[in-house]
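A closer look at the structure
In case you want the letters, here they are:
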Amino acid sequence: MPSTPTAVSAPGKVLLAGGYLVLDRQYTGLVFGLSARINVIAQEIKTSPGVQLSEIAVDSPQFYEAQWRYGYHLAPENGGIKVTQLHIGSTINPNPFVETTLAYALTYITAAGHLKPSYTFDPVQLRILADNDYYSQPHSTASSSPSSISSGAPSPPARFIKFGTKLKDAHKTGLGSSAALVTSLTAALLTHYLPRSTFDLDTDKGKRTLHNLAQAAHCAAQGKVGSGFDVAAAVYGGCVYRRFSPSVLRDLPEVGAPGFAPALAACVDSTEGSASKWDTEISKDRAKMPPGVALRMCDVDCGSQTVSMVKQVLKWRDETDPAGAKKLWDELQERNEALGAVLSNDKKDEIRDAIAKIRELVRAMGKASGVPIEPESQTALLDALTENVEGVYGGVVPGAGGYDALALLVKDDEATEERIKQFLVKWSNEKGEKVRLLDVKGEMEGVREEGLRQYDGWLS
């Protein structure tokens, strides 16, 4: 285990095209990573000579009361590593994504043969830092980083701010924080505890191992097998994504159940020809952004209930009108692929028309299923931006749709950014809404190791 800290980051995501369709292996999603990242820094906890500490400490210092301490033990009958949250003072604040990820990652590490003979891990402190755009909190209402406070000097907006709230009370902007957290936390643990000969984040094999393990942990934490596009974006960045078959994870025992450890290792490491082969398809060649075009996100501060929306759309597809739904989805898949081709082949003059054709069918799906995938208020805002702001090629309500975000394709220059910001201020005042352009941009790179200097003031 390295004595110097290990830092890993994973990007957020935006599903530009393929909302709902990405749930079905017959179809694909056009997904991009985002420059907003979840960072995890793993550092050894120093103990006095002769003192043995069997504890893993996790904290997220941008939020109040965001500290978690865990004990662990090796479950009998190859049940893997069971993690138990410990009290901090008189309270326990559960964090299922952290707890489940620890159990899955530590179990995989033991199965890879790297648990010490004493059945313990060297104690580790895991610090989570989120880029500011993951949460709907204007910079002016949050405090600066510790380093700028201690110096007393004015500074530009810090990359990591204190949000001035508890984690459970923070308003997410829908950029994929849970998938980025699970991915970066898993990567940090594997990199910290495993020798590079066993796990190397920079190799295709390392990314495949991380992808499979993070997908398994994320699904377990959510309590369902989702499409996985958000974890794929966190690992690989921008790509055209075809989901894995849910059966890959269906028979995995629960953490601590007999046989969990070997079953998890076999699932994660499964290769061609094995019964539980991962059939995910990741194509980076078909997901490109033209030079001079940026993907930008707008935050509309009133989140959507994604789970209930998905259930209603799938009921329409499976029960209400299966034939009509298939016809619409097949046509929408063609239009989604056409947008991907327009972007990958640098056909800027065709972007607006390609987006308009997708939005037309997305609205039709919303009307048929009774779900506000592109609500009227979002339609009005997208149309106004596209028609009235120079440099805006077009935009969509990404992912499952709803009221909480917009994705725009725009000319990548400061003048266009300023025009969009001015337009949104005027729109927000006139409509009584709260819409702002986030600093985040689309990017192609996925998970990566990071240098430590950018975390000055946040590491103990």
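What this report covers is the structure whose coordinates are included nearby. Given the structure is predicted, the values throughout are model-derived calculations rather than measurements.

Turning our attention to the nonpolar core. Formed by 118 residues in total, the largest nonpolar core has its most connected members in L16, Y20, L126 and M297. Top contributing element to this core by residue count: helix α3 (residues 177-193), with 10 residues. One finds L381, V392, V397 and I420 within the second-largest nonpolar core, a separate group that totals 19 residues.

On to the packing of α3 against helix α4 (residues 204-222), then. For the pair α3 and α4, the least separation of the axes is 9 Å and the interaxial angle reads 125 degrees. With respect to α4, the axis of α3 lies oblique. In this structure, the crossing between α3 and α4 has a hand that is right-handed. Across the interface between the two elements, S178, A179, V182, T183, T186, A187 and L190 from α3 touch L210, L213, A214, A217 and H218 from α4.

For the coordinates displayed, the defined rule picks out 28 salt bridges. Salt-bridge contacts for K348 lead to D346; the nearest nitrogen and oxygen are separated by 2.8 Å. Take D346: its relative accessible area is 37%, and that puts it in the partly exposed class. Across the salt bridge formed by K357 and D353, the nearest N and O atoms sit 3.4 Å from each other. One end of the pair, K357, and the other, D353, are both in helix α10 (residues 351-369), 4 residues apart, so they sit about a helical turn from each other. Judged by its relative accessible area of 40%, K357 falls in the partly exposed class. A cluster of three or more residues bridged by salt bridges with shared partners is formed by R25, R242, D279 and E281.

The rules behind each value
Residues numbered from 1 in each chain as written. Predicted model: local features only at pLDDT ≥ 70, side-chain atom pairs only at ≥ 80, totals over all residues. Heavy atoms only, no water. Core = buried A, V, L, I, M, F, W, Y, C linked by side-chain atoms within 4.5 Å. Buried < 20%, exposed > 50% of the residue type's maximum accessible area, 1.4 Å probe, protein only. Helix = DSSP H or I, 4+ residues; strand = E, 2+ residues; numbered from the N terminus. Axes fitted to C-alpha atoms, helices over the stretch in contact; angles between N-to-C directions. Parallel < 35°, antiparallel > 145°, perpendicular 65-115°, else oblique. Left-handed = near helix turned anticlockwise from the far one by under 90°. Contact = heavy atoms within 4.5 Å. Salt bridge = Lys/Arg side-chain N within 4 Å of Asp/Glu carboxyl O.

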